[in-house]
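# Coordinate inspection notes
Read off the chains here:
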Amino acid sequence: MEATLATIVATASPLVYAAIGETIAEKAGVVNLSLEGTVMLSAMTGFAVSFETGSVILGFVAAAAVGALIAAIVAFASIELRLNQIAVGFVLTLLAIELSSFLGDPYVGQRGRAVPSLPVPLLSDIPFLGRVLFSHNLSIYGSFVAIAGAYLFIFKTRRGLEMQGVGERPEAAFARGIPVNRLRYLYTVTGGALAGIAGAAFSLDRTFGWREGLTANYGWIALAIVIFGGWNPIRVAIGAYLFGVLSWAALELQPVFPSESQILNLAPFPLMIFALVLVFMTTRGDFADRHPILRRLLSAEPPSALGTAFHRE
Amino acid sequence: MSDRSAGARASSFILPVALAFAVAIALLQLAGAPPLEALRLLWEGSMGSTAKVSDTLTAWVPLTLAAAGLVVTFAAGLWNIGIEGQIVAGAIAATWVAREVPGPSPVLIPLMLLAGVIGGALWALLAGVLKTRGGVNEIFGGLGLDFVASGVAIYLIIGPWKRQGIASTSGTDLFRREAWLPTAGAAQIPVLAVTIAVAAVIVVYVLMRGTRLGLRLKAVGRNARSARLLGIPTERYTLGAFALCGALAGIAGVVQAAGVHHKLVPSVSGGYGFLAILVVLLAGFRAAWIAPISLFFAAVAVGGTQLSLRLGLDSSLGGVLQGVLVLLVILAGGWQARRALRARAAAPPPEEP
Amino acid sequence: MSLELRDIHKAFGPVKANDGVSLSIEAGTLHGLLGENGAGKSTLMKVLSGFIAADSGEVVLDGRRLALSSPRDGVEAGIGMLHQDPLVFLPFTVLDNFLLGAPGGLRIDRRAGERALRGTADRFGFSFDTDAPARSLTVGERQQLEIARLLWLGARVLILDEPTTGISASQRTTLFGVLRALAAEGMIVIFVSHKLEEVEELCERVTVMRRGTVIGEAEMPCPAERLVEMMFGRVLTESELGQPTLGEPVLQLDRATLAERALTIPEMTLSVQEGEVLGLAGLEGSGQRMLLRAAAGLLEPRSGRVVVRGRDLTGQGYRAFLDAGVHYLPAGRLEEGLVAGLTVAEHFLLAGDATAFFIDHDRARREAEAKIADYSIVGTADSTAESLSGGNQQRLLLAMTPPDVRLLLMEHPTRGLDIESADWVWTRLLERRDAGTAIVFASADLDELLRYSDRILVFFAGEILKVLDARTTTGEELGHLIGGRELR
């Protein structure tokens, strides 16, 4: 049981990185639809760089840089060129996926370095929790830090509140002297960097190698989890781990229910749609009054200015 | 678009195209392949022989059908990311007919096509209703439904419709011969499929350019408030756009299932839905351009296999080229628009000075 | 402390919103800024708060020249602006709204913020549930929150832009008490309004603006006539319409209560007849737009009925009204009436009632060109809507109006038009009137109202103050009523 949970925590960590990264960008009002491509390309980059240099850390750094760069393009296109965030993000996704196949070709089948295991002294001896949470490696511990850091930053710090304001109502934030567009760049690129780390976590910690389409669907699932998690890092993380459980269950059930078990892998998406419908319903006042519990539980309000560009005029 | 000078429009197209080619050549050099040789192989691999032309056309058909449908939804101001799922839905419907309905080809094929139309249209309407009644943005709704459709397909392939004996994700049993889309000649040119695709492009073109329906659709897409004040029932038009696109996507699914794979496979949509979005973006949302641009994309995709066979390059180079091209064109377009905006120094007078 | 604005110029294209405005205010003053729509008050205040950068001119606070290129500069200089509908973050709590943007350390000190908020609230008699979402606050409460926030941030200059629109009477009393207290403490309070009575009640000095310049200043108390004269100028226009031949009632409102977010018009009863021209006067946001939208079927009354040509169409939706011969021309030409990106010919196609499935492009072009000539639109059949000037957009909208319209509802029919275009528009409108169409229009132009209306409804804060007979009323009376006062 412990071993299973530990495995789930480990395998879900790339998804946590990607989802948390996207949460940050979206909370500031920018949809980074290139997530799927970013994770794929940075997974390849991370592996390739660590293979060439022999350093896992450099692999992670390179992957984060790739993620940040792609996110910067999305932000630039949206803020400076006033292009549709969806359009640019979408094209970048497809492009990044193809690039990852093309540039990653020479690395297919190579054995790479793995992230060295690093049990936390003392904490890893705690019964149950020690095995599940503290007997992993830096990459996975990093995902914990990402969750906590994102949550604390967004909800407990002054700058985090300002960031929420930017995503919610940029005109009001601007009127309060907050540099809206500069912050959007910052948070989008940060989110992209985290998505990049997600890729590296995948190819250097989960699969120890690269092949075409390695991280397939991970980015899309992360997007769904951000919505389902209500743009709250803790709930998003829970969603990621939930998906980990579902994946594990799908794998376990496969011999018994080969076709039905596949459905579990797709659960995030109907859940995302459900969450979105719920958001819509709760904005219709009467529904909220009749189902207060449901509302509190699943209420997921998107930042109102999500996807829009802010212009000073 | 009408008031942009020809020069601006040219530079927002020629420059990015040139840049894209430069990138392609750079990538080729990076991979250690001679560019001219690669170009020659691309050409030969896609148009070099009748068989190759047939392959290119086979790729061209679903791409064009999907792109034609997307022109309609884009005109209505929608980002129909759910198109992949709509292709799958059409394929599933056609598969059902192929398996359950007896009869000879002349009866079966039209029925399959009809099933594909209905399947794709219904799946698209689902995304549409989620948007108009459920407030679910069609991007995320469509994405979710893509995966649901994919899931349903997988479920059917390794479940109720599994191959005799072994359930395999490589697909269902092959359709019986009557359910294969007819082709012509030894090179198996997909005549029927091509005809349908050409007809679809013409229909969409005529619709958008020459009918009141198309004009109203454009009005809804550009300014729903004004459209409503002009008396246009915006919800009906939105849903109609979804249905039409879904229908065309459904046909693409039938072509894929009955013409290409001759069975239902998990990846039956072949990524053509998303690729079609790129085609439409590159075509500037104009119906007249989708056929040639689709042909270019199809040729690059098919010819790209030669690159991998002969030069050891990964076949994804074609995809890279497509992506770079579209990205650069979009960015250049945005740049041009931004410069034009800045040039118009006089801002419009505000409501209340 | 003193505040000086020196020779502020700001133009939006050809429109000179502020044309050399100078203003000087001493500390501890409640200073009123009076003027009608389009006078330039809002632009001036946006310049002062840093929202807009002036083309030229200086803002000097306490002898120091301020560089105001963004709201941030305004905030740092201690200049706070309270918008008519305060910019709050709706889903965030009251406390978070209070805290957002305030300087401080890494962590949010919510407890300190709570204490500060309660302190200010107690001082002025506000009451807040700090955990409630801001969307649950009324407009008046949002104002109070915003004032508390600006004070906490150390604002020394407080600008209030039409603050009493949409707040209750008791909130108004509270607000005025707060403003007096703040002025007594040495703050500069600028009260931007069009409401004469309030300006008289509250302000010590008043500056009146009209058409982008300062017309004059007055020490209060000052006779209202002088203020009205400064605000509107001498309006001597007489009605050009003869005695109307009125026909059947086209529009009837039967005790219709209209309500939108901030405003409620209770139990309005009104009848408009064929061939009548009804003008709606009053400052923007006083209810005219609501009446127009209700008459168009876009706003369903909370109670009561809307009857068009004898048929009760209450709640039946816009299409029913359209079919009954009602046509609505909103103020936002590109936002609500025309479709940017489509050509003139395409607009005519959309507005026409032909039902053929296929478009005959040649015929459409010929018809468009005929209409263009008929309505003197400067543009071709292929011009896009957004490339036309404002005047030509208005001509296009009129040209798109079907000839058999029975009730024409117009918001600001000649806004932004030069005199020639405005005259031309009214010539066409009067033609329709002669053919029996009833016209209801809202306008901020007193000349226009007096010259063309048979009757004028004056709106003030959601109420119809008075119904005037345009032939017998004067510009003075109209101006007074728009400012909320009866002419004595």
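Note that the structure is a prediction, hence the values are computed from the model and not measured. (Residues numbered from 1 in each chain as written. Chains lettered and ligands numbered in written order. Predicted model: local features only at pLDDT ≥ 70, side-chain atom pairs only at ≥ 80, totals over all residues.)

## Details of the sheet that holds strand 2 (residues 15-26) of chain C
Residues and elements named next belong to chain C. With respect to topology, four strands assemble into an open sheet ordered 2-1-4-5, the strand pairing being antiparallel. Bordering the open sheet on either side are strand 2 and strand 5 (64-66), each of which pairs with just one other strand. Pairwise comparison of adjacent strand axes, ignoring direction, gives a mean angle of 25° for this sheet. Pairing analysis gives five bridges linking strand 1 (residues 2-12) to strand 4 (residues 56-61), with the strands arranged antiparallel. (Pairing = 2+ DSSP bridges. Helix = DSSP H or I, 4+ residues; strand = E, 2+ residues; numbered from the N terminus. Axes fitted to C-alpha atoms, helices over the stretch in contact; angles between N-to-C directions.)

## What about the environment of F147 of chain B?
Residues and elements named next belong to chain B. Inspection of the secondary structure puts F147 in helix 6 (residues 138-158). Among the residues examined, F147 registers 22 C-beta atoms within 10 Å and is labelled buried. The sequence separation of F147 and L295 amounts to 148 residues, and the corresponding C-alpha distance is 28 Å. (Buried ≥ 20, exposed ≤ 12 C-beta atoms within 10 Å, placed from the backbone.)

## Here's the deal with the nonpolar core
Ranked by internal contacts, the top residues of the largest apolar core, which has 382 residues, are A66, V71 and V279 of chain B. Each residue touching V71 of chain B, except ones within four places of it in the same chain, is listed here: V204, M208, V280, F285, A287 and I290 of chain B. (Core = buried A, V, L, I, M, F, W, Y, C linked by C-beta atoms within 7 Å. Contact = placed C-beta atoms within 7 Å.)

## Some details on the domain arrangement of chain C
All names here are of chain C. Entries for chain C in the domain assignment read domain 1 (2-232), domain 2 (234-325 + 402-488) and domain 3 (338-401). With 15 residues of domain 1 at the interface, the matching set in domain 2 holds 18 residues. Top contributing element to the side of domain 1 that touches domain 2 by residue count: helix 8 (residues 224-232), with five residues. Looking at the side of domain 1 that touches domain 2 residue by residue, the classes come out as six nonpolar, five polar and four charged. (Domains from an automatic or database assignment. Nonpolar A, V, L, I, M, F, W, Y, C, P; charged D, E, K, R; others polar.)

## A closer look at the environment of R302 of chain C
Residue and element names in this part refer to chain C. In this structure, R302 sits in the loop between helix 9 (288-296) and strand 14 (303-308). Classification of R302 by C-beta neighbours within 10 Å gives partly exposed; the count is 13. As a C-alpha pair, R302 and E267 span 35 residues in sequence and 9.5 Å in three-dimensional space. Non-local contacts of R302, meaning those with residues more than four positions away in its chain, are made with T257 and A259.

## Side note on the interface of chain A and chain C
At the junction of the two partners, chain A supplies 16 residues and chain C supplies 15 residues. The set of elements that each furnish at least two residues to the side of chain A that touches chain C consists of helix 7 (158-168) and helix 8 (170-175) of chain A. Counted by class, the side of chain A that touches chain C contains five nonpolar, three polar and eight charged residues.

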